[in-house]
Amino acid sequence: MGQTADAPSPSFSVFRHRDFRLYQIARLCAVLAMQIESVAIGWQVYEVTGSALALGYTGLSQFVPFLSFCLVGGQVADRFDRRKILAICQGVMLLCSLALLAFSLGHVRDVRFVYGVLIVFGTARAFYAPAGSALTPHLVPKDELTRAVAVNSTTWQVATIAGPAVGGVLYGWAGPTGAYVGSATLCALTVVWILSLKVRTGRASTQPLSFSTLVAGLGFVRRQRMLLGSITLDLFAVLLGGAVALLPIYARDVLHTGPWGLGLLRCAPAAGAAIVAVALAMRPLGGRAGWKMFAAVAVFGTATCVFGMSRSLPLSLVALAIAGAADMVSVVVRHTLELMSTPDEMRGRVGAVNMMCVGASNELGEFRAGWLAEHVGAVPAVVSGALGTLLVVAIWVWAFPELRRVDRLETAARSTQPEAPEPEPATTQAAG
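Residues numbered from 1 in each chain as written. Predicted model: local features only at pLDDT ≥ 70, side-chain atom pairs only at ≥ 80, totals over all residues. Heavy atoms only, no water.

**Student:** Looking at this model, I keep getting lost on the overall build of the chain. Mind explaining?
**Tutor:** Looking only at helices and strands, one finds 16 helices and zero strands in the chain. Among the 432 residues that make up the chain, the fraction classed as buried is 61%. Sequence separation of 24 or more characterises 88% of the internal contacts of the chain that already satisfy a separation of 6 or more. Carbon together with sulfur atoms contributes 68% to the accessible area of the chain, which is approximately 17000 Å² in total. (Helix = DSSP H or I, 4+ residues; strand = E, 2+ residues; numbered from the N terminus. Buried < 20%, exposed > 50% of the residue type's maximum accessible area, 1.4 Å probe, protein only. Contact = heavy atoms within 4.5 Å. Areas by Shrake-Rupley, 256 points an atom, 1.4 Å probe, with all protein chains shown as cover.)

Okay, here's the thing in structure tokens:
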């Protein structure tokens, strides 16, 4: 039987919640700003230095502070209102955009200034990411959380599609100045939307500050084998197979295109990922989710290898789109397992562990790619990394039988209701 005309589609029922809608607008603005800024930084740094290693340092500059403060950020997210944390961090990111605008207007040629700004940006992200991850379960009922995760991913990917393209157009039209003005404007709008949220998460954890509570998320993930397997699979697969840092080199030196081509290359993985995210929001992954995750990561490695060897812009775009589509399956499996099997008072710290691994796979992966490209060339750096991703998949299939046995995500999450870590109150009820 069909639905009544005024009944919301089950696929998009999460949008009937006001704060969830506003949060998606805020996420859209935030990710657009980040992507526009990333395109401008990558092209400008390579234009100034002509060095692949300099591109690698842009990733390292963000990763080191992110890694250093992410666990602290997780504990802060469990002890303070997550909405306020997001607003403060986004305000810092706005200041970073304005600093990069000053760098451009002042015609500064010393890229160490950019690295310094990225260090501040990476520090803000260390507090922003765990709070953002832990906020979602407060915006929708538990039975809609899986769809909310898919919608979150859709919003991210839509912005990741549009952001690089807009960034490339702005850079080509008004240079880095235009890109940084656009990024700063979107950061300011993000602050406005976050402050418009009515949700107040308050203090989730009542434990006293200690080293044991700081690292509790690490212990939680270590005990949850399915969660450990999914997080580390993504960590090493993207660490080895990521090629984002080298896209300016591919655009200019391999595919012989300009900033607009770089924008297309940057948005191609997001285009593939967005299609899959929308599909998963409308139709959940279904059974044999563990094997589907392994297959998707293998497809990601294969598509990255094809991109690495390609000399054709259309083929490169298709390969990157397939890689992004495959990666989205891994994202949804990992994040759903994380949110549905973690108690609310632990979500900030467990989210911090996940974000540390995501940061390592992205920013540290960019440094790996840049360093290797500097010594052996861009193409060998990408192809060898993609082959390493396929090897990781084979090892993880053998090492994590618990992940192989995951069938439906909702059932798997309920079957892994965790023991609360020792310092946590025994009366805490797990989400999901």
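**Student:** Any chance you could explain the packing of aromatic side chains here in plain terms?
**Tutor:** Given two aromatic rings, one states the distance between the centres and the angle between the planes to describe the pair. Scanning all chains against the criterion turns up eight aromatic pairs. Aromatic rings pair up to connect Phe236, Trp396 and Phe400 into one cluster. Its guanidinium or amino end placed over the ring of Phe66, Arg125 lies 4.6 Å from that ring's centre, counting from NZ or CZ. (Phe/Tyr/Trp six-rings, centres within 6.5 Å; stacked < 30°, edge-to-face > 60°. Lys NZ or Arg CZ within 6 Å of the ring centre and 35° of its normal.)

**Student:** What exactly am I supposed to notice about the side chain of Thr155 here?
**Tutor:** For Thr155, the position within the fold is in helix H5 (residues 145-195). The exposure class assigned to Thr155 is buried, which follows from its relative accessible area of 11%. Among the polar contacts made by the side chain of Thr155, one reaches the side chain of Gln24 at a distance of 2.6 Å. Non-local contacts of Thr155, meaning those with residues more than four positions away in its chain, are made with Gln24, Arg27 and Leu28. (Polar contact = N/O pair within 3.5 Å; in protein donor to acceptor, adjacent residues only side chain to side chain.)

**Student:** Looking at this structure, I do not really get the pattern of salt bridges. What am I missing?
**Tutor:** For side chains bearing opposite charge, pairing can occur when the charged atoms are close. Enumeration over the complete set of coordinates arrives at six salt bridges. Put simply, Asp110 and Arg112 hold a salt bridge, and the shortest N to O gap is 2.8 Å. Classification of Asp110 as partly exposed rests on a relative accessible area of 32%. In this structure, Asp234 engages Arg334 in a salt bridge whose closest nitrogen and oxygen atoms are separated by 3.3 Å. Placement of the pair is Asp234 in helix H8 (residues 225-241) and Arg334 in helix H12 (residues 313-340), with a sequence separation of 100 residues. Assigned by exposure class, Asp234 and Arg334 land together as buried. (Salt bridge = Lys/Arg side-chain N within 4 Å of Asp/Glu carboxyl O.)

**Student:** Help me understand a positive patch on the surface, please; the structure alone is not making it clear to me.
**Tutor:** Together, Arg283, Arg288, Lys292 and Arg408 line one region of the surface with positive charge. Tracing the chain through its elements places Arg283 in the loop between helix H10 (259-282) and helix H11 (289-309). In this structure Arg283 comes out as exposed when scored by relative accessible area, which is 66%. (Patch = residues over 30% accessible without salt bridge, like charges linked within 9 Å, V, L, I, M, F, W, Y side chains within 5 Å. Lys, Arg positive; Asp, Glu negative; His and termini not counted. Charge placed at Lys NZ, Arg CZ, Asp CG, Glu CD.)

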